[in-house]
Number of protein chains: 4
Amino acid sequence: MKSLGGKSVFCRFGNLKTIRRLEKSVSKAKKTRAANLLDRLTGMTVALATPLDERGRVHMKDLRKLVDRALAGGAAGFLALGWCGEQPLLMDADRRLVLETIVEETNGRIPVIAGVSEQSLPRALAQAKMARAVGADLILSTPPYSYPLGAALLAEYFARLAGESRMGLIVYNNHEVGVHVDLELAARLAKTDGVVGIKDTSTMSMLQRLLSLFHRPGRFIILSGDEYHLGPGLLVGVTHTTMGGPGNLCPWWCSDIHLAARQNRWADVAAGHRRLVQFCDALYALGPSPYAIVKVALSVLGYGSGLSTPPLPAPTAAQRKAVARLLKKFPDVVPQA
Amino acid sequence: MKSLGGKSVFCRFGNLKTIRRLEKSVSKAKKTRAANLLDRLTGMTVALATPLDERGRVHMKDLRKLVDRALAGGAAGFLALGWCGEQPLLMDADRRLVLETIVEETNGRIPVIAGVSEQSLPRALAQAKMARAVGADLILSTPPYSYPLGAALLAEYFARLAGESRMGLIVYNNHEVGVHVDLELAARLAKTDGVVGIKDTSTMSMLQRLLSLFHRPGRFIILSGDEYHLGPGLLVGVTHTTMGGPGNLCPWWCSDIHLAARQNRWADVAAGHRRLVQFCDALYALGPSPYAIVKVALSVLGYGSGLSTPPLPAPTAAQRKAVARLLKKFPDVVPQA
Amino acid sequence: MKSLGGKSVFCRFGNLKTIRRLEKSVSKAKKTRAANLLDRLTGMTVALATPLDERGRVHMKDLRKLVDRALAGGAAGFLALGWCGEQPLLMDADRRLVLETIVEETNGRIPVIAGVSEQSLPRALAQAKMARAVGADLILSTPPYSYPLGAALLAEYFARLAGESRMGLIVYNNHEVGVHVDLELAARLAKTDGVVGIKDTSTMSMLQRLLSLFHRPGRFIILSGDEYHLGPGLLVGVTHTTMGGPGNLCPWWCSDIHLAARQNRWADVAAGHRRLVQFCDALYALGPSPYAIVKVALSVLGYGSGLSTPPLPAPTAAQRKAVARLLKKFPDVVPQA
Amino acid sequence: MKSLGGKSVFCRFGNLKTIRRLEKSVSKAKKTRAANLLDRLTGMTVALATPLDERGRVHMKDLRKLVDRALAGGAAGFLALGWCGEQPLLMDADRRLVLETIVEETNGRIPVIAGVSEQSLPRALAQAKMARAVGADLILSTPPYSYPLGAALLAEYFARLAGESRMGLIVYNNHEVGVHVDLELAARLAKTDGVVGIKDTSTMSMLQRLLSLFHRPGRFIILSGDEYHLGPGLLVGVTHTTMGGPGNLCPWWCSDIHLAARQNRWADVAAGHRRLVQFCDALYALGPSPYAIVKVALSVLGYGSGLSTPPLPAPTAAQRKAVARLLKKFPDVVPQA
């Protein structure tokens, strides 16, 4: 089958009339209780990592410290229990513990989004119920990805998840799980009560189409979630991002880039982004999983033991040293006390 | 991206020497406590569906009846909590309930394999621990499929899952989850303590290579899990199958085909398989998900309400009627009281 | 991206009515001048390899010998210029030379199908015109695979190729080129004037659906083209195959398997197929490309130099030796003078 | 199989040492006769469309006019016979005609790159020989994409194509053909004599890694080839682009964006890019193939009949009107006489 890149997505919409109709349906139909929340999320939402101790348990104290670090670093929102936070890997009890801790430590200063991705509606609703009980502001969910499902079933899934949880829902178009939100599904989501946005980590062309077709401030937001799309995304009009690795490791650097974009200092955006990519390329090359190597770097900075939940790999001693050496080469990006 | 079909898998092994070495490593190294179990599984393992009542709860009574039906129909083993049993969709408590009921009703007459597919080692181990406590004989697991993982991490995952659960493990190469067990990983699994087999639903050429390279009676088994591969699989030497839809709906028909193969009545295998495929083609065409439509057919036969766990679709009235009409056209395949 | 395997193709057809309608449209609508040709093709069509000399030129004499060998081995038809014949790789002049030689040597004893796969209609029509001029009986073509094209454009492509060439056309569903013929497109093709069949090398489940929905003797044929599907295909009702590597190397063995199936000697089909797969597995493991290693084996048997057209790899001395050794272990399958 | 997006490509390189070694090998080893050409290509290379007349023949006069338009619009180079120029679709004689015309009309003012993508080395070398005879400066080629080939065979292919053609070769990583150049293959190419660059239309993260690892001015260039990556690419450091649709339709607009980037007027880059994407989104939505719809727009502007080579679709009357209307809404982007 041909790749999803570039041109082929055009097959998804029939003609200009369709686009126009879709645009109208967004701007008119959507009335969301979440408008204020969506505005507050302008800027960088940090997808918080979950620090673990030497025995693989949630390291509550370091998690609180990490929350404070990200707040100091300019986070506009938190995504708890995202992919970077190992939601799919954590035990249910740990998911609750993590979310509680983050909500408590944040204490309402910025909105908290809770990841509730699961393989069925009852399982996702259980997570959403927990998130609601604990005090999260919004939920975020990928499509379920265990069974082949057509777009109609996915649309119904998200409508029910938003409706029955009575929580504002951000749909996560995460290419790593192998089920894709295409433009037609996105159009349906933009009209669905309770669905308030889409987080995208697919391609720059998809991101640009999502933005122009569906992003409406205060009504429906597109969040860009790939650090390699940070500067490029801002250039094409992104106003909301989620940052995983960099959001945890170098929130100041990332929020400076956001600020530069808002102030039209694009040369600074370019320079900041290129330096960030240099750092990420070098860091991610140090291990088989970028998720795991970010945990190692956080450990070097004093947050957690460096462990991730298996099957994500445990760090070797050599990796720890290499990561420590690398961080010293990027004191501008990742300041150490 | 190029297809996985046919030729490209050859890139996976270097040369004839490698193959020979792999073969030896299987036949020599594997010592399993599970030998007797593996022999008893010769024939059809029924991947039991999970009947739900009108409110979506597990229908215990109908589940027991379904167990009895499959036993009467010649099942050599049960797979509880497989894809057909909606394991990825069920709440944890329901998973336990289902497995307990099946183990209890089976009462040791045939081995029970428990599906424990999850996204991380702690989560899968919790399921395996439950399975052990409840009395399952073996466990079965896909690779975790939330994060990109290389073959080395997958090999380690399965080794730890088998080792730490102290339960014989069958690895499920399920193409629907988008993570594939290739021949190199299969070779490592065949040498891993506690891993006792691979269930495959990928391609006929992969199935044939798995069989010739790794199937060793009493030591390591290849189970063919696609109903469209039933007759063809037996022809190429398969001795162990798992049957989902047909195993639940028409176990007699399926076990007759197995028997015909064992008795070298291949014309009967051919005729039986072709008729089965005719039935499956017609049935699966009646709805968007074959998993869901099997539940509807079971409901017509008196097992459960026809509901599946969302996002699998609920049946429409028209679908129920169409399924009922269809079953009447296949009284030979699916006898009704 | 989710796999193409198993279940997902069901999404392609809506309901039983659609299937019925498709079936009728085939059995009624199709009137083909090619009926007699299609009947004569019952059995094995050998996809002839193109022997090259030491300098990479077509080895005319050995090509004639190979034709004679396959005729002696029971070929019911020839596919010249298929993937095994390196059509996509050969210069235009060599394509003509190869086809002329095969047609001349065959001398009408069995039908000759000419591969005309190209990236555009004018280019394919030029090949079809050549094939017609040279005396081929039918043409065979994959979809063009350079640009993303929807099903409607593919349907129009094949309709025009058959119509404007005025040659009976077999459509080749070749998964290796990354563009797939799905059931809906197959249904349109089955109703298209001049399209007389589909060759399939995709999956066993697709093959079985193509057979039951569209195979109508004398009107529209399904040819199974994967050697790993030979015995399994016959079991599920295949009557027409194309054989590449095995068709060239061991036509007797393959036609014996066909004969056994026609005579309902299924134990012989099973034994013959399993032995063939043993041979193919061992042979294809000797190099990075099964296409190239078949050429080496043909060279050992006295046909050509063992070279393939680059980028297919040239054989190493070690490979030649290994292939020669291997052939000696399979004297039953591949007899040597 | 998991998507190619984001993280998974990191699996391709082992560790930081490998990256460093690769970087050195580029900057030291590469000595190219093409250095001056590469410098002259800084900016926008227009991938010229091939205007056809009402009967599908090359429209020589309009092709010359299109060359002049692009030159006036600030083209730094031409790519003749690329995907936008329908090279895979044109007859060999037309390929020559097109290239001759472009070279003649260009008359040495800017470099001309000739697309020579083919399915085998002899076929590609024939195209390269023609390109050399006609006076092209460089050649560009995708991997062959008819047979499954590993990275080693692809590396050898490009080395021989560059070596035996004695023409500077740019390798085209075109995701639409389903064969991908990964970072390891890119590293080998960067060290291969005669290979002078890579054109990429894959993903933003791949583009950024190619840039940082292999782009060395005057030695080895990375060309970004997706219009949706224009502004974003410049922001991350791209200096060389190829532009297909926009390069033909609105070269002034595109070269203004390039100029703005060189002058660090990033707000202008952002505004120009966003407006361009608005135009492209609207245009490409008017038909099933963006390649074909660009031809229609060119026809409205007075270049050619609007036809593309089949299987690319012919325009309907409604499409022609819709395109004409659309162009009137973007007089800033696409000025009309």
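Residues numbered from 1 in each chain as written. Chains lettered and ligands numbered in written order. Predicted model: local features only at pLDDT ≥ 70, side-chain atom pairs only at ≥ 80, totals over all residues. Heavy atoms only, no water.

1. Here's the deal with the overall build of chain A
Step number 1: From N to C terminus, chain A includes 14 helices and eight strands.
Step number 2: Counting contacts in chain A only where the partners sit at least 6 residues apart, residues at least 24 apart contribute 75% of the total.
Step number 3: When the accessible surface of chain A is split by element, carbon and sulfur atoms take 53% of a total near 10,900 Å². (Helix = DSSP H or I, 4+ residues; strand = E, 2+ residues; numbered from the N terminus. Contact = heavy atoms within 4.5 Å. Areas by Shrake-Rupley, 256 points an atom, 1.4 Å probe, with all protein chains shown as cover.)

2. Some points on the relation of the copies chain A and chain B
Step number 1: When chain A is fitted to chain B, the best match, at an RMSD of 0.0 Å, comes from turning it 180° and sliding it 0.0 Å along the axis. The transformation just described matches what one would write down for a two-fold rotation axis. Relative to the rotation axis, the closest C-alpha in chain A is found at Gly-178 of chain A, a distance of 3.4 Å.
Step number 2: Taken as a fraction of all interface residues of chain A, those also at the interface in chain B reach 100%, which identifies the copy contact as same-surface. (Least-squares fit on C-alpha atoms with pLDDT ≥ 70 in both.)

3. Structural notes on the interface of chain A and chain B
Step number 1: Contacts between the two partners involve 35 residues from chain A, matched on the other side by 35 residues from chain B.
Step number 2: Contact with chain B buries surface across chain A, with Arg-123, Tyr-147 and Pro-311 of chain A losing the most and accounting together for 26% of the total.
Step number 3: Taken together, the links from chain A to chain B amount to four salt bridges.
Step number 4: Between Glu-118 of chain A and Arg-123 of chain B there is a salt bridge, with its nearest N and O atoms 3.8 Å apart.
Step number 5: Counting across the chain A and chain B interface gives 14 residue pairs in polar contact (both at pLDDT 80 or more).
Step number 6: At four residues, the largest contribution of residues to the side of chain A that touches chain B is made by helix H5 (residues 121–134) of chain A.
Step number 7: Residues that form the side of chain A that touches chain B fall into these classes: 22 nonpolar, six polar and seven charged. (Buried area = accessible area lost by both parts, 1.4 Å probe. Salt bridge = Lys/Arg side-chain N within 4 Å of Asp/Glu carboxyl O. Polar contact = N/O pair within 3.5 Å; in protein donor to acceptor, adjacent residues only side chain to side chain. Nonpolar A, V, L, I, M, F, W, Y, C, P; charged D, E, K, R; others polar.)

4. Some thoughts on the sheet that holds strand E1 (residues 43–47) of chain B
Pairing between the strands of a sheet is mediated by backbone hydrogen bonds and can be parallel or antiparallel.
Residue and element names in this part refer to chain B.
Step number 1: Sheet architecture is closed into a barrel: eight strands sit in the order E1-E2-E3-E4-E5-E6-E7-E8, paired in parallel fashion. Going from strand to strand, the sheet's axes swing by 25° on average, the running direction of each strand aside.
Step number 2: Bridge analysis of strand E2 (residues 77–80) against strand E3 (residues 112–115) gives three bridges, and the strand direction is parallel. In the sheet register, Leu-79 faces E3, and the bridge partner there is Ile-113. (Pairing = 2+ DSSP bridges. Axes fitted to C-alpha atoms, helices over the stretch in contact; angles between N-to-C directions.)

5. Describing the packing of aromatic side chains
One pair of aromatic rings is described through two measures. These are the centre distance and the angle between the planes.
Step number 1: Tallying each qualifying case throughout the model produces 26 aromatic pairs over all chains.
Step number 2: Where Tyr-147 of chain C meets Tyr-291 of chain D, the ring centres are 4.8 Å apart and the plane angle is 90°; that geometry is what we call edge-to-face. Of this pair, Tyr-147 of chain C sits in the loop between strand E4 (138–141) and helix H6 (151–165) while Tyr-291 of chain D sits in helix H13 (residues 290–300), placing the two residues on different chains.
Step number 3: Residue Tyr-291 of chain D is classed as buried on the basis of its relative accessible area of 15%.
Step number 4: Among the aromatic residues, those joined into a cluster by ring pairs are Trp-83, Tyr-145, Tyr-147, Tyr-172 and Tyr-291 of chain A together with Trp-83, Tyr-145, Tyr-147, Tyr-172 and Tyr-291 of chain B.
Step number 5: The ring of Tyr-172 of chain B carries the charged tip of Lys-199 of chain B above its face, separated from the ring centre by 4.2 Å. (Phe/Tyr/Trp six-rings, centres within 6.5 Å; stacked < 30°, edge-to-face > 60°. Buried < 20%, exposed > 50% of the residue type's maximum accessible area, 1.4 Å probe, protein only. Lys NZ or Arg CZ within 6 Å of the ring centre and 35° of its normal.)

6. Concerning helix H7 (residues 183–190) of chain D
All names here are of chain D.
Step number 1: Across the eight residues of H7, six count as buried, placing the element largely inside the fold.
Step number 2: Listed as buried for H7 are Leu-183, Leu-185, Ala-186, Ala-187, Leu-189 and Ala-190.
Step number 3: For H7, the N-terminal capping position is held by Asp-182, with its side-chain oxygen 3.2 Å away from the main-chain nitrogen of Glu-184.

7. Digging into the side chain of His-175 of chain C
Step number 1: The topology assignment puts His-175 of chain C in the loop between strand E5 (169–173) and helix H7 (183–190).
Step number 2: Reaching out from His-175 of chain C, the side chain makes a polar contact with the side chain of His-180 of chain C at a distance of 3.0 Å.

8. Section: the pairing of strand E5 (residues 169–173) of chain A
Successive residues of a regular strand alternate their side chains across the two faces of the sheet.
Residues and elements named next belong to chain A.
Step number 1: In terms of burial, E5 is largely enclosed, as five of its five residues are buried.
Step number 2: Here E5 shows two buried faces, one formed by Leu-169, Val-171 and Asn-173 and the other by Ile-170 and Tyr-172.
Step number 3: As a crossover connection, the stretch from strand E4 (residues 138–141) through helix H6 (residues 151–165) into E5 is right-handed.
Step number 4: Where E5 and strand E6 (residues 195–200) come together, five bridges link them in parallel fashion. Note on E6: the bridge partner recorded for Leu-169 is Val-195.
Step number 5: After leaving E5, the chain enters helix H7 (residues 183–190) and then returns to the sheet as E6, a path that is right-handed. (Right-handed = clockwise from strand over helix to strand, strands pointing away.)

9. Some points on the sheet that holds strand E2 (residues 77–80) of chain C
Residues and elements named next belong to chain C.
Step number 1: If you trace the eight strands once around the closed barrel, you get E1-E2-E3-E4-E5-E6-E7-E8, paired in parallel fashion. In this sheet, adjacent strand axes meet at a mean angle of 25° when their direction is disregarded.
Step number 2: With three bridges joining them, E4 and E5 adopt parallel strand pairing. Following the sheet pairing, Ser-141 is matched in E5 by Val-171.
Step number 3: Sitting on the sheet, helix H4 (residues 92–106) is in contact with E2 and strand E3 (112–115), with an inclination near 175° to E3.

10. Some points on the pattern of salt bridges
Step number 1: The full count for this structure, using the stated rule, is 60 salt bridges over all chains.
Step number 2: The partner of Asp-268 of chain B in a salt bridge is Arg-265 of chain B, and the shortest N-O contact between them spans 2.6 Å.
Step number 3: With relative accessibility at 38%, the residue Asp-268 of chain B sits in the partly exposed group.
Step number 4: Judged by relative accessible area, Arg-265 of chain B falls into the partly exposed class, the value being 31%.
Step number 5: Taken together, the shared-partner salt bridges connect Asp-92, Arg-95, Glu-118 and Arg-123 of chain A together with Asp-92, Arg-95, Glu-118 and Arg-123 of chain B into one network.

11. Comments concerning the confidence of the model for chain A
Step number 1: Averaged over chain A, the pLDDT score is 92; the fraction of residues at 70 or greater is 90%.
Step number 2: What the predictor reports for the complex is a pTM of 0.93 with an ipTM of 0.92. (pLDDT = per-residue confidence, 0-100.)

12. Focus on the side chain of Gln-119 of chain B
All names here are of chain B.
Step number 1: Inspection of the secondary structure puts Gln-119 in the loop between E3 and helix H5 (121–134).
Step number 2: In terms of polar contacts, Gln-119 uses its side chain to reach the backbone amide nitrogen of Tyr-145, at 3.0 Å.
Step number 3: Polar side-chain contacts of Gln-119 include one of 2.7 Å to the side chain of Ser-146.

13. Considerations on unusual backbone geometry
Step number 1: The omega torsion of the bond from Pro-310 of chain B to Pro-311 of chain B falls at 20°, within 30 degrees of zero and hence cis.
Step number 2: Non-glycine residue Arg-166 of chain A carries a positive phi angle of around 50°.
Step number 3: Relative to the elements of secondary structure, Arg-166 of chain A occurs in the loop between H6 and E5.
Step number 4: At Asn-107 of chain D, a residue that is not glycine, the phi angle is positive and equals roughly 55°.
Step number 5: You can see Asn-107 of chain D is positioned in the loop between helix H4 (92–106) and strand E3 (112–115).

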